[in-house]
Amino acid sequence: LPGALSLLALPDPPAGEELATAIRACLRLADVGPDHITIPLLGAVYRAVLGDIDFAIHLAGPTGAGKSELAALVQQHFGPGLDARHLPGSWSSTANALELLAFSAKDAILVLDDFAPSGDQADAERAHRGADRVLRAQGNKSGRLRMRADGTLRAAKPPRGLLVSTGEDVPRGQSIRARILTCELGPHDLDWSRVTAAQNDAAEGRYGQALSGFVAWIAPQHDGLLESVHAFVPRLRDRAAQSASHRRTPHIVGNLAAGW
């Protein structure tokens, strides 16, 4: 894995009461903030490992609301060292670098932190163009074609995981916003005492243990389970369509519910 992803590591799957303790710790993460934010994020963790993702989540809110801390708790399911100070991706990186990270983080969450276009208008436009390129690739499951020096085509590197973005702003464009589920975090939405407890659980590896147990459960029934997921996502999508504002949103909601 590229250096930025070097901290991705799952422990050996636990069993018995150790696994039950890890799962309970993981579920407590839903209590650190409002359900409309924590439930999609937890669903994203478990949906990511099933692969075939064509959407992203964007956690939007003002500075100091706790976006990075919350996103880190999601990322730490894939490695306890991936805390808010060691997130693998940042929107300050180039679009080329982010495309490589998104390709490498297969069947995993990849947090891209701090989308906050600033500076003059040219800088802001450049930031929005980069976000458009990365998020459009995620939504279309496509990579940019490039040529070698001899004129032959290089293999495309499409995103292969699930992007969780954070930022004070939301990427522009109706087409791009349709490819992301935007969860708006208010300045007082998080229960910080519960966040601290969750950070302790994450640092002690309990989130990774829960996910490792899930992966071990998936492994012997992988193909059949994926068929089941593809079969019931349309039913979940149809239920979500009753309250959605864009035709792609029920598809995203249905997939996150499939993670649950």
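**What about the packing of aromatic side chains?**
Evaluation of the coordinates by the stated rule reveals 3 aromatic pairs. Seen in terms of ring centroids, Tyr46 and Phe214 are 4.9 Å apart; in terms of plane orientation they differ by 80°. Their pairing is edge-to-face. Of this pair, Tyr46 sits in helix 2 (residues 35–48) while Phe214 sits in helix 8 (residues 206–218); the two residues are 168 residues apart in sequence, bridging distant segments of the chain. Phe214 carries the same exposure label as Tyr46, and that label is buried. Between Trp91 and Phe115, the ring centres sit 5.6 Å apart and the planes meet at 70°, which makes this aromatic pair edge-to-face. Of the two residues, Trp91 is situated in the loop between strand 2 (89–90) and helix 4 (95–104) and Phe115 in strand 3 (residues 109–115); the sequence distance between them amounts to 24 residues. For Trp91, a relative accessible area of 11% puts it in the buried group. Owing to a relative accessible area of 2%, Phe115 belongs among the buried residues under this scheme. Taken together through their ring pairs, the aromatic side chains of Tyr46, Phe214 and Trp217 make up a single cluster.

**Points about empty space enclosed by the protein**
Unoccupied space between atoms shows up once a probe the size of one water molecule is rolled over them. Within this structure, the stated rule accounts for 1 cavity of 30 Å³ or more. Looking at the largest cavity, its volume works out to about 50 Å³. As for the largest cavity, its lining consists of Glu99, Ala102, Val134, Ala137, Ser142, Gly143, Arg144, Lys157 and Pro159. At the level of secondary structure, the elements contributing two or more residues to the lining of the largest cavity comprise helix 4 and helix 5 (121–140). In the lining of the largest cavity, the residues fall into 4 nonpolar, 2 polar and 3 charged.

**As for the side chain of Gln75**
Tracing the chain through its elements places Gln75 in helix 3 (residues 67–75). A distance of 2.9 Å separates the side chain of Gln75 from the backbone oxygen of Ile109, its partner in a polar contact.

**A few points about the packing of helix 9 (residues 222–240) against helix 10 (residues 249–259)**
As a packed pair, helix 9 and helix 10 sit with axes 8 Å apart at the nearest point and diverge in direction by 125°. For the element pair helix 9 / helix 10, the angle class is oblique. The chirality of how helix 9 crosses helix 10 is right-handed. On helix 10, the residues that touch Val229, Phe232, Val233, Leu236, Arg237 and Ala240 of helix 9 are Pro250, His251, Val253, Gly254, Asn255, Ala257 and Ala258.

Here is what the cut-offs are and how they apply
- Residues numbered from 1 in each chain as written.
- Predicted model: local features only at pLDDT ≥ 70, side-chain atom pairs only at ≥ 80, totals over all residues.
- Heavy atoms only, no water.
- Phe/Tyr/Trp six-rings, centres within 6.5 Å; stacked < 30°, edge-to-face > 60°.
- Helix = DSSP H or I, 4+ residues; strand = E, 2+ residues; numbered from the N terminus.
- Buried < 20%, exposed > 50% of the residue type's maximum accessible area, 1.4 Å probe, protein only.
- 1 Å grid on protein atoms, 1.4 Å probe; cavity = no way out; pocket = protein on both sides within 12 Å on 5 of 7 lines; lining within 4 Å.
- Points joined across faces, edges and corners; volume = space filled by probe spheres on them.
- Nonpolar A, V, L, I, M, F, W, Y, C, P; charged D, E, K, R; others polar.
- Polar contact = N/O pair within 3.5 Å; in protein donor to acceptor, adjacent residues only side chain to side chain.
- Axes fitted to C-alpha atoms, helices over the stretch in contact; angles between N-to-C directions.
- Parallel < 35°, antiparallel > 145°, perpendicular 65-115°, else oblique.
- Left-handed = near helix turned anticlockwise from the far one by under 90°.
- Contact = heavy atoms within 4.5 Å.

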